[in-house]
Amino acid sequence: MDKLPWIILSAGDNVAVATAAIAPGSTVAGIQTREKIDPGHKVAIADIPLESPVVKYGQAIGRTTAEVKAGDHVHSHNLHFENDRLAATANSAPEAATVDDVGRTFMGYRRADGRAATRNYIGIIASVNCSTTVCRAIADEANRTILPHYEGIDGFVPIVHDQGCGMSSTGDGMNVLHRTLAGYTRHVNFGGVLMIGLGCEVNQLTLYGQSGAGASKRHFNIQDAGGSRRAVERAMGMLREIAADVGKEKRVPMSIGEIIIGLQCGGSDGFSGITANPALGVAADLLAAAGGTAILSETSEIYGAEHLLRSRAVSDEVAKKLDEKIAWWEDYVALHGASLDNNPSPGNKRGGLTTILEKSLGAVAKGGRSPLTAVYGYAERVTAPGLVFMDTPGYDPVSATGQVAGGANMIAFTTGRGSCFGCRPAPSLKLSSNSALYASMEEDMDIDCGTIATGDATISGKGREIFDLIVDTASGKKTKSEIFGYGDNEFVPWHLGATL
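What counts as what
- Residues numbered from 1 in each chain as written.
- Predicted model: local features only at pLDDT ≥ 70, side-chain atom pairs only at ≥ 80, totals over all residues.
- Heavy atoms only, no water.
- Helix = DSSP H or I, 4+ residues; strand = E, 2+ residues; numbered from the N terminus.
- Expected span 1.5 Å × (residues − 1).
- Buried < 20%, exposed > 50% of the residue type's maximum accessible area, 1.4 Å probe, protein only.
- Disulfide = S-S within 2.5 Å.
- Pairing = 2+ DSSP bridges.
- Axes fitted to C-alpha atoms, helices over the stretch in contact; angles between N-to-C directions.
- Parallel < 35°, antiparallel > 145°, perpendicular 65-115°, else oblique.
- Left-handed = near helix turned anticlockwise from the far one by under 90°.
- Contact = heavy atoms within 4.5 Å.
- Nonpolar A, V, L, I, M, F, W, Y, C, P; charged D, E, K, R; others polar.
- Phe/Tyr/Trp six-rings, centres within 6.5 Å; stacked < 30°, edge-to-face > 60°.
- Lys NZ or Arg CZ within 6 Å of the ring centre and 35° of its normal.
- Core = buried A, V, L, I, M, F, W, Y, C linked by side-chain atoms within 4.5 Å.
- Polar contact = N/O pair within 3.5 Å; in protein donor to acceptor, adjacent residues only side chain to side chain.

**Q** I keep staring at helix 13 (residues 459-474) and nothing clicks. Help me out?
**A** Counting along an α-helix, one turn takes 3.6 residues, and residues three or four places apart therefore face a common direction. The end-to-end C-alpha separation of helix 13 is 22 Å, in line with the 22 Å expected for 16 residues at 1.5 Å each. When helix 13 is considered as a whole, its buried residues turn out to be Lys462, Gly463, Ile466, Phe467, Leu469, Ile470, Val471, Thr473 and Ala474.

In structure tokens, the structure reads:
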């Protein structure tokens, strides 16, 4: 029997998702299409009256703005956001982990405090935008003159940003910036850190102490060094000392339960929630079963599916924390005259996604089916194992920055449109939701999940492939984004509060 050119995701759905272009007048499963349906887009498989729920994944994704006939294309022209929720169905069990899965190890770096690192970088961290240029110059010089002498060091990474001054010294803005930078100064994938300030900024270096003072963690101000060139010269002396210490580190076997992975999706399409996201969810389940941690984030992109996560919370306290984050976002966007349904983006819509509810239902699939064990604020240190949630915006660089600040030593990033991303010091895996994207951007994509849509792979099988690659990458295998050089420009702390 020939494969159908669409997928029906749940028995209660009234739309299907096209896996290939369907021409007008085509007859599929007894339904004649009334217009062209592009891959990733929705086609009605039943008549849907005006102002009735459109159901995908067994959940409402909005209501019709016109009468829809079976075979019609269902998208922005006849579907709009409506804040419906259908009851969460009983949670199915997470992907079953074997004894071998749970017992796997990876080759990582054991830090003095006992934590497990997947990379061995040295960070050059700016306390303020004014020290950005000097930090880049220091990293460039160190990578040119010091790095060649140390095979065990992965590189010198400039962590720079546009904040640190022109802002209040108290309040949410400074608290978030400080928490984010502090998270990077102690990040396990940085064997050593040099923090550079200007000297007169609001975000003073004294706020950070010595970040665990020792030979591998230092800081100073450019003004105290006598200017930019002298600051670079002074830094070289410090970095040679740090490198002599950090360069001695060797990889040793350790449990995969020490992997903390941030889950991201960007440039999503109609296949993301069908292929790459649920496959990543399988890998997250396997990691959680082994005692590892998977961080689901992007609060504005779980809106409409938060009730599904809530139903998996391990306690009323965890569920309440999630509710509070959603309520905060509803107030936050209203304050700025926006709506959470301003998302999906134009690229998402070209890929077949119509409303935030639809996007969110696919996005939460990245978290698999494991219980939700904890909820964290932006850039808060993650300590609970299993599936956890961190409150972040949906904007990928800001979200991933918060996850890494919280302790993620890896990132897994799904995309259907071709988002390019890296997040040093955490290696970032890129998973394409469709095979056409993988073929056109193979140098950026680590795994093709589009084979799920064509029937050539299963979600479980692809999830295990992702799981294997997570372990290999934690052990030192370079990702496509690392090979190209992504990661120096993707540090973007969440900017809250007034610019003064």
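There's more to say after this.
**Q** I keep staring at the state of the cysteines and nothing clicks. Help me out?
**A** Chemically, a disulfide is nothing more than a covalent bond linking the sulfur atoms of two cysteines. Overall, the coordinates contain 0 disulfides when judged by the stated rule. No disulfide involves Cys200; its sulfur sits 6.4 Å from the nearest other cysteine sulfur, which is in Cys165. Overall, the relative accessible area of 55% leaves Cys200 in the exposed class. Cys449 takes part in no disulfide bond, and the closest cysteine sulfur to it belongs to Cys265, at a distance of 13 Å. According to the relative accessible area criterion, Cys449 is buried, its value standing at 0%.

**Q** Could you clarify how one ought to interpret the sheet that holds strand 15 (residues 217-221) in this entry?
**A** Two strands in a sheet stick together by hydrogen bonds in their backbones, pointing the same way (parallel) or opposite ways (antiparallel). Judged by pairing direction, the sheet is parallel, and its 4 strands sit side by side in the order 13-12-14-15 without closing on themselves. Since the sheet does not close on itself, it has two edges, and those belong to strand 13 (155-159) and strand 15, each with one partner. On average, each strand axis in the sheet is inclined to that of its neighbour by 15°, with strand direction left out of account. Relative to strand 15, strand 14 (residues 190-197) is paired through 5 bridges, and the arrangement is parallel.

**Q** Before we go on, may I ask you to explain the packing of helix 2 (residues 132-145) against helix 5 (residues 228-246) in this structure?
**A** Working note: a packed helix pair is described by the angle between its axes plus the distance between those axes. In contact at an axis separation of 9 Å, helix 2 and helix 5 are set at 45° when each is read in the N-to-C sense. In terms of axis orientation, helix 2 runs oblique to helix 5. Relative to helix 5, helix 2 is oriented so that their crossing is right-handed. Contacts between helix 2 and helix 5 pair Val134, Ala137, Ile138, Glu141, Ala142 and Thr145 from the former with Ser228, Ala231, Val232, Ala235, Met236, Leu239 and Arg240 from the latter. Residue composition of the contact of helix 2 with helix 5, by class: 9 nonpolar, 2 polar and 2 charged.

**Q** Explain the environment of Leu79 to me, please; I cannot follow it from the model alone.
**A** Of note, Leu79 is situated in strand 9 (residues 79-80). For Leu79, a relative accessible area of 4% gives the class buried. Remark: the alpha-carbon pair of Leu79 and Thr65, spanning 14 residues in sequence, is separated by 5.5 Å. Residue contacts for Leu79: discarding those within four places in its chain leaves Lys42, Val54, Ile61, Gly62, Arg63, Thr64, Thr65, Val74, Thr354 and Thr355.

**Q** I tried to follow the packing of aromatic side chains on my own but got confused; where do I start?
**A** Any two aromatic rings considered together are summarised by their centre-to-centre distance and by the angle between their planes. Taken as a whole and judged by the stated rule, the model has 9 aromatic pairs. Considering the side-chain rings of Trp328 and Tyr332, the 4.5 Å spacing of their centres and the 20° angle between planes classify their relative orientation as stacked. Within this pair, Trp328 and its partner Tyr332 are both found in helix 8 (residues 316-335), separated by 4 residues, close to a single helical turn. Note on Trp328: relative accessible area 34%, which makes it partly exposed. Members of the aromatic cluster, each reached through a chain of ring pairs, are Trp328, Trp329, Tyr332, Tyr378 and Trp494. Lying over the aromatic face of Phe220, Arg234 brings its terminal NZ or CZ to 4.6 Å of the ring centre. Above the face of the Phe413 ring, Lys430 is positioned so that its terminal group lies 4.6 Å from the ring centre.

**Q** Could you clarify how one ought to interpret the sheet that holds strand 1 (residues 6-7) in this entry?
**A** Spatially, 4 strands are ordered 1-2-5-8 in an open sheet, and the strand pairing comes out antiparallel. In the strand order of this sheet, the two ends are held by strand 1 and strand 8 (73-74), each with one partner. Pairing geometry for strand 2 (residues 15-18) and strand 5 (residues 42-44), over 3 bridges, is antiparallel. Looking across to strand 5, one finds that Ala16 is bridged to Val43.

**Q** Before we go on, may I ask you to explain unusual backbone geometry in this structure?
**A** Working note: non-glycine residues mostly have negative phi, and peptide bonds are mostly trans. Cis rather than trans, the peptide bond between Arg424 and Pro425 has omega equal to 15°. Mapped onto the secondary structure, Pro425 falls in the loop between strand 21 (410-415) and strand 22 (428-432). The residue Tyr57 is not glycine, and still its phi comes out positive at about 60°. Summarising the element assignment, Tyr57 is placed in the loop between strand 6 (53-56) and strand 7 (59-64). A relative accessible area of 21% places Tyr57 in the partly exposed class.

**Q** It is not clear to me how the nonpolar core should be interpreted in this structure. Could you clarify?
**A** Nonpolar side chains tend toward joint burial in soluble globular proteins. Within the largest apolar cluster, 98 residues are counted, with the highest numbers of intra-cluster contacts made by Tyr184, Ile259, Ile261 and Ile466. With 8 residues, helix 6 (residues 276-289) is the largest single contributor of residues to this core. Setting aside residues no more than four positions away along its own chain, Ile259 makes contact with Phe106, Leu287, Gly292, Thr293, Asn409, Met410, Ile470 and Ala474. In terms of nonpolar packing, the next biggest core, distinct from the first, is built from 29 residues, Ile124, Ile138, Phe220 and Met236 among them.

**Q** Can you walk me through the side chain of Asp488 in this structure?
**A** Along the chain, the position of Asp488 falls in the segment after helix 14 (480-484). Here Arg424 takes part through its side chain, which lies 2.2 Å from a polar atom of the side chain of Asp488.

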